[in-house]
Amino acid sequence: MYNPPVFIGLKNYIEVLKGPNIWYALRNVSFYGFIYVFSQTFIGCILAVLLNQKIGFIKTYRIAYFIPVISPWIGISLIWYWLYNPQYGALNYILSFIGVGPFNYTSSNNWAEVVASIAVVTIWKGVGYVTVILLAGLQNISVELMEAAEIDGAGALKRFTKITIPMLSPTIFMVLILGTMSAIQAFDPFFVMLNTSGTGVIPDRFSVFNTLIYDNAFKYNRFGMSAAIAWVAFAFVALLTFIQKKMESRWVHYE
Amino acid sequence: MNNANDPKWGLIQKAAVHLVLILGALIMIGPFVFTLSSSLQGPGMFQKLPPELFKPPLLFSNYVQVWRDIDFFRYTMNSLLITCLCVFGGAISAAFGGFGLARYRFKGVNAIFFAALATMMIPANMLVIPQYIMWQKVGLLDTYVPIIVPYFFGTAFGLFLMRQCFKSISNELYEAAFIDGCSPVAIFAKIYLPLGKASLAALAVFTFMNEWNDMYKPLIYITTKSKYTLTLGLLYMRGGEYQFSQQLLMAAAVIMMIPVVIVYLCAQKYFVQGIVTSGIKG
């Protein structure tokens, strides 16, 4: 900052809320979070249940599912940039066999397509992490409980809906909260998937809270604006967490 | 299911589960196979459909070129330096702090612990600007200090992990050693540290992964090219003045991924343990 800060009241907030960017960010983050959090938890649950079947090779599978989790976003973006290439990308090629597509993915002009494409990469990267958490939750469910239910004549489906899901619900709840928080704070996925020229310019209509914070502070030197956006984002996190906490008692079962 | 005990049915079920899991594993690993393959190919392989994998001749010269032509050696060393110092700082501060929070009763000990925990709830992006201004005021921008030094003051996750671990060690052990004339420092070094080895390893592995892959902090704090980390090096290799061809970028990405994959494979057990403790009990 080249000038000493001056108190200007709520001017930054008014300007933030007036401009279109914060609303783009709100829209993108909501859509991104919705796809990413629910799909990731759903796929993670399925994988965890499958891995919990005492089938062997669990270690091998865990390595395979965990490699994306530990990989850096920048490396991942390089390969997905190519997979997502509308003309030469492998994804359109594979999808053409089942008669879907072609899509433009991250080079599309349609914000929903761009955001959804980024969400897909995030799910791919994060699902192994969620699976490990959920698997640990599954392994905490007592075997006796399951056996007792089986002796009492409960079928596999009934055992799953009446025992597994309620007993796992605290873990699922935590995974949902963690996912929501990371979705609202997303920076790396958007920055590396859209910033393919390395110049750091991301079109405003594809921005999220954190890219706006970064741009305002470190590109345009508007620290005040940037901090105001951070507070709006924080209010959004707080609101969502509050709602999720309120909903908790309806479906989360604690022993 | 009544036929669950039928061995034939069990076999079919097992096969189906494996089939789904293998398909999933292919989706997870496939992109990395592409990366590895394309890092060994000549230019133009990205315009080929269907994609060709590991088509001879394999050009290991791509790796040599990345290593030589851009300052990749320097970036790797920078990343290693930062990561190792962060791991070290995070481990010692968590071990000392966790020991203090777990073993000593004094006024406000719980308040300190919950204050540290509360910082985990604040989104990191809220803190970026004040932290940046702070480091700017003390004139330490464009150094590694803003990245490394906070680790030496303890992270919420590290303190939490080590406190929980040390709390689970029975008090009698401490008292017995104390009566035998052990000083608190000796008790810490000879009893608590060895018993907390697994948690410390989990913490170290996590810190390593986070810092090695971190992009945000280097991006805002480091501006001089010779101080770039691997992430920044790759980020700027993609565009800007160089315009590197794809196969070289892929080779650079492979170089960058090798250390994390090795650390993960060696320390898998601790990794899972770390996730489970931070996830389930947190």
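Remember, it's a predicted structure, so these values are computed and weren't measured experimentally.

Calculation notes
Residues numbered from 1 in each chain as written. Chains lettered and ligands numbered in written order. Predicted model: local features only at pLDDT ≥ 70, side-chain atom pairs only at ≥ 80, totals over all residues. Heavy atoms only, no water. Helix = DSSP H or I, 4+ residues; strand = E, 2+ residues; numbered from the N terminus. Buried < 20%, exposed > 50% of the residue type's maximum accessible area, 1.4 Å probe, protein only. Contact = heavy atoms within 4.5 Å. Areas by Shrake-Rupley, 256 points an atom, 1.4 Å probe, with all protein chains shown as cover. Lys, Arg positive; Asp, Glu negative; His and termini not counted. Charge placed at Lys NZ, Arg CZ, Asp CG, Glu CD. Disulfide = S-S within 2.5 Å. Salt bridge = Lys/Arg side-chain N within 4 Å of Asp/Glu carboxyl O. Buried area = accessible area lost by both parts, 1.4 Å probe. Polar contact = N/O pair within 3.5 Å; in protein donor to acceptor, adjacent residues only side chain to side chain. Nonpolar A, V, L, I, M, F, W, Y, C, P; charged D, E, K, R; others polar.

J.: Explain the overall build of chain A to me, please; I cannot follow it from the model alone.
T.: A count of helical and extended segments in chain A gives 11 helices and 0 strands. Listing each helix as α and each strand as β along chain A from the N terminus yields α-α-α-α-α-α-α-α-α-α-α. Considering only C-alpha atoms, chain A reaches an extent of 75 × 50 × 30 Å along its principal axes. Across the 255 residues of chain A, 50% fall into the buried class. Across chain A, the fraction of contacts at a sequence separation of at least 24, relative to all contacts at a separation of at least 6, is 72%. For chain A, the exposed area adds up to about 12,300 Å²; of that, 65% sits on carbon and sulfur atoms. Of note, chain A has its 16 positive side-chain charges centred 6 Å away from the centre of its 11 negative side-chain charges.

J.: Any chance you could explain the state of the cysteines here in plain terms?
T.: Covalent bonding between the sulfur atoms of two cysteines is what defines a disulfide. Residues and elements named next belong to chain B. Going through the model one piece at a time under the given rule, you end up with 0 disulfides over all chains. The thiol of Cys 84 is unpaired, and the distance to the nearest cysteine sulfur, on Cys 86, comes to 9.3 Å. By relative accessible area, which is 44% here, Cys 84 ends up partly exposed. Between Cys 266, a cysteine without a disulfide, and Cys 84, which holds the nearest cysteine sulfur, the sulfur-to-sulfur distance is 14 Å. A relative accessible area of 66% places Cys 266 in the exposed class.

J.: Whenever I open this one, the side chain of Arg 159 of chain A confuses me. Can you help?
T.: Looking at where Arg 159 of chain A falls in the secondary structure, it is placed in helix H8 (residues 156–184). No salt bridge is formed by the buried Arg 159 of chain A; the nearest opposite charge belongs to Glu 150 of chain A, separated by 4.0 Å.

J.: Is there a simple way to think about the pattern of salt bridges in this case?
T.: Should their charged atoms come close, side chains of opposite charge can pair. All names here are of chain B. One pass over the full model with this rule turns up 3 salt bridges over all chains. The salt bridge involving Lys 227 is made with Asp 142; its shortest N-O contact spans 3.7 Å. Of the two residues, Lys 227 sits in the loop between helix H11 (216–221) and helix H12 (230–238) while Asp 142 sits in the loop between helix H5 (124–137) and helix H6 (145–152), which places them 85 residues apart along the sequence. Note that Glu 211 and Lys 217 form a salt bridge whose closest N and O atoms lie 2.9 Å from each other.

J.: Is there a simple way to think about the interface of chain A and chain B in this case?
T.: Note on interface size: it is often stated as the accessible area lost on association of the parts. At the interface, 69 residues of chain A touch 61 residues of chain B. Taken as a group, Ile 70, Leu 78 and Trp 82 of chain A account for 12% of the area that chain A buries against chain B, more than any other trio of residues on that side. Between the two partners, chain A and chain B, sit 0 salt bridges. In this assembly, chain A and chain B are joined by 5 residue pairs in polar contact (both at pLDDT 80 or more). Examining the composition of the side of chain A that touches chain B, we find that 10 residues originate from one element, helix H3 (residues 58–70) of chain A, more than from any other. Here the side of chain A that touches chain B is composed, by residue class, of 48 nonpolar, 18 polar and 3 charged.

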